[in-house]
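Coordinate analysis (summary)
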Amino acid sequence: MIKLLCIGLFLQINVWAAVDIGLTQKEKDWLAQHPSITVGIDRNYAPFEFQDSHGEFKGIAIDYLAEIKKMLNIKINIVTAKTWKEVTELARDKSVDVLSCIAPTHKRGEYLLFTHSYLSFPMAIVTNKIVGYVDGLRELNGKTVAVIDDYMSHHILEEFHKDIFLVKTENLTQGLNLVLAGKTYAYVGNLSQIAYSIQNDGFQNLAISGIAKYRFDYAMGVRDDAPILRDILQKCIHAIPQEVKDNIYCQWFPPLFQKAVDYTLVWQISAFGAILIGIFLYWTYRLKKEIKKRKATENSLKRNREWLNCSLQSAKIGAWDWDIPQKTITGNSVFAALIECSNNEISMPIDQFQKEFIHQKDLPAVIQHIEECFNSTDEFCRIQFRIISQSGALKYVESRSRIFKYDRYNNPIRMIGFIKELTPPLS
């Protein structure tokens, strides 16, 4: 008798735990009538969702589903298909209840309802390493580009970039192999997925050569005749502790984001981080009581700072900051290594840097470049010149510079820039 009471109490506790996320009575009743849901996933979309060599489903979205399963105390049946297009057809035919990781689009909104996004990553351009920097999708006009059939990148390029010739593939590996073989000029897709594949699948001759203006904002897509299920999943995603979300993110997200980086991209990342810092300071002042929101912002800032540092170091890009009134230039560890200083960071008078490290025949051109920067406010100015390291080694470099701050009289007081050694030398 006591054993039965204990079992009954245990089951009751489990039911309470399953609905302790602010569910309404109507939502609880719906779950009681639907003890299991069917979720469709893309089996070739690492690190978000995929099926490994042993047939197990893994990835960021799968980890989120595991947390939801514990919260709701329901059974989750995972199904997949040969291609992502076939998976979306399952959703369109209502053969599955949920797609666990999908970027909302107008086309998909015809048959799905979406939760708020729980992951967000930029759209990236991959080419052979010899191509170099690609300044956005506009440089792909007239070229062949691989995209995965029915992915968001396919939808966007097909609708808004009609001058690009698309080659549809079944998965990322197929798309990257087309670029590797020279059958397409580029592949366009999710930055994180690409970085994960380049790092793990042996595409060392390819590089992330540019970033598009679009982002993959991933949500869960629910069949359009079950809005109550969408609301339940939204509450679950919101209830997952930030620490758990961070642990999931860190488990799957590759430590190395890029193989080829443009200085403009680095500036965009830096500016984005600065904007987030400003938002954080503003909301800390105005909304001190919103502790959870503040902590979430802090975590986001930390990830962006780590991303920026990783990008600069992996691409061997030196960052420098010139305090014009103080006549002092400061550089990061890559900048220090370029001139063969042992410090992680260096700071020295600008006159010393120009006299000791810039090749004297190139100094007039550098000074003229600085004047051009003073007169330009909308974009980075570029120059190639020679430097001489402390050991006397001659190095060819390219630097991009921009005035970052003015005083109240509109005089420039701070210039920032990025510098990288050229291989081969100046052209």
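All figures in this text were calculated on a predicted structure; none of them were measured in a lab.

So, about the packing of aromatic side chains. Within this structure, the stated rule accounts for twelve aromatic pairs. A centroid spacing of 5.6 Å and a plane angle of 35° characterise the contact between F335 and F353, whose relative ring orientation is tilted. Taken together, the residues span a long stretch of sequence, with F335 in helix α12 (residues 333-338) and F353 in helix α13 (residues 350-356) at a distance of 18 residues. Accessibility assignment for this pair places F335 and F353 in one class, buried. One cation-aromatic arrangement involves K143 over Y185; the distance from NZ or CZ to the ring centre is 5.1 Å.

We now examine empty space enclosed by the protein. By the definition in use, this model includes two cavities of 30 Å³ or more. Taken as a whole, the largest cavity encloses approximately 170 Å³ of empty space. W320, I329, F353, V366 and S399 are the residues nearest the centre of the largest cavity, which is lined by 17 residues in total. Put simply, the parts of the chain that give the lining of the largest cavity at least two residues each are β13 (318-323), α13, α14 (363-375), β16 (381-388), β17 (394-406) and β18 (412-421). Of the residues contributing to the lining of the largest cavity, the split by class is 13 nonpolar, four polar and no charged. Size it by volume and the second largest cavity reaches roughly 80 Å³. Residue lining of the second largest cavity: D42, Y45, E49, W84, C101, I102, A103, R108, Y151, M152, F216 and Y218, and that is the complete set. Elements represented by at least two residues in the lining of the second largest cavity include exactly β6 (98-102) and β12 (206-223). Residues that form the lining of the second largest cavity fall into these classes: nine nonpolar, no polar and three charged.

Our next topic: the side chain of Q354. Tracing the sequence through the fold places Q354 in helix α13. Overall, the relative accessible area of 14% leaves Q354 in the buried class. Leaving out residues up to four positions away in the same chain, Q354 has contacts with Q360, L363 and I370.

Further remarks concern the confidence of the model for the chain. The predicted model of the chain has a mean per-residue pLDDT of 82, with 79% of residues at 70 or higher. Scored below 50 in pLDDT, residues 254-263 makes 39 contacts in the model with residues more than four places away or belonging to other chains.

It is worth spelling out the pairing of strand β9 (residues 144-148) at this point. Within β9, four of the five residues are buried, leaving the element largely enclosed by the surrounding structure. Looking at chain direction, β9 and strand β10 (residues 165-169) are connected through five bridges and run parallel. Looking at β10, one finds that V147 is bridged to K168. Two strands pair when backbone bridges link them, and β9 and strand β11 (residues 186-190) are joined in this way by two bridges, in the parallel orientation. Of the residues in β11, the one forming a bridge with A146 is Y187.

Rules behind the numbers
- Residues numbered from 1 in each chain as written.
- Predicted model: local features only at pLDDT ≥ 70, side-chain atom pairs only at ≥ 80, totals over all residues.
- Heavy atoms only, no water.
- Phe/Tyr/Trp six-rings, centres within 6.5 Å; stacked < 30°, edge-to-face > 60°.
- Helix = DSSP H or I, 4+ residues; strand = E, 2+ residues; numbered from the N terminus.
- Buried < 20%, exposed > 50% of the residue type's maximum accessible area, 1.4 Å probe, protein only.
- Lys NZ or Arg CZ within 6 Å of the ring centre and 35° of its normal.
- 1 Å grid on protein atoms, 1.4 Å probe; cavity = no way out; pocket = protein on both sides within 12 Å on 5 of 7 lines; lining within 4 Å.
- Points joined across faces, edges and corners; volume = space filled by probe spheres on them.
- Nonpolar A, V, L, I, M, F, W, Y, C, P; charged D, E, K, R; others polar.
- Contact = heavy atoms within 4.5 Å.
- pLDDT = per-residue confidence, 0-100.
- Pairing = 2+ DSSP bridges.

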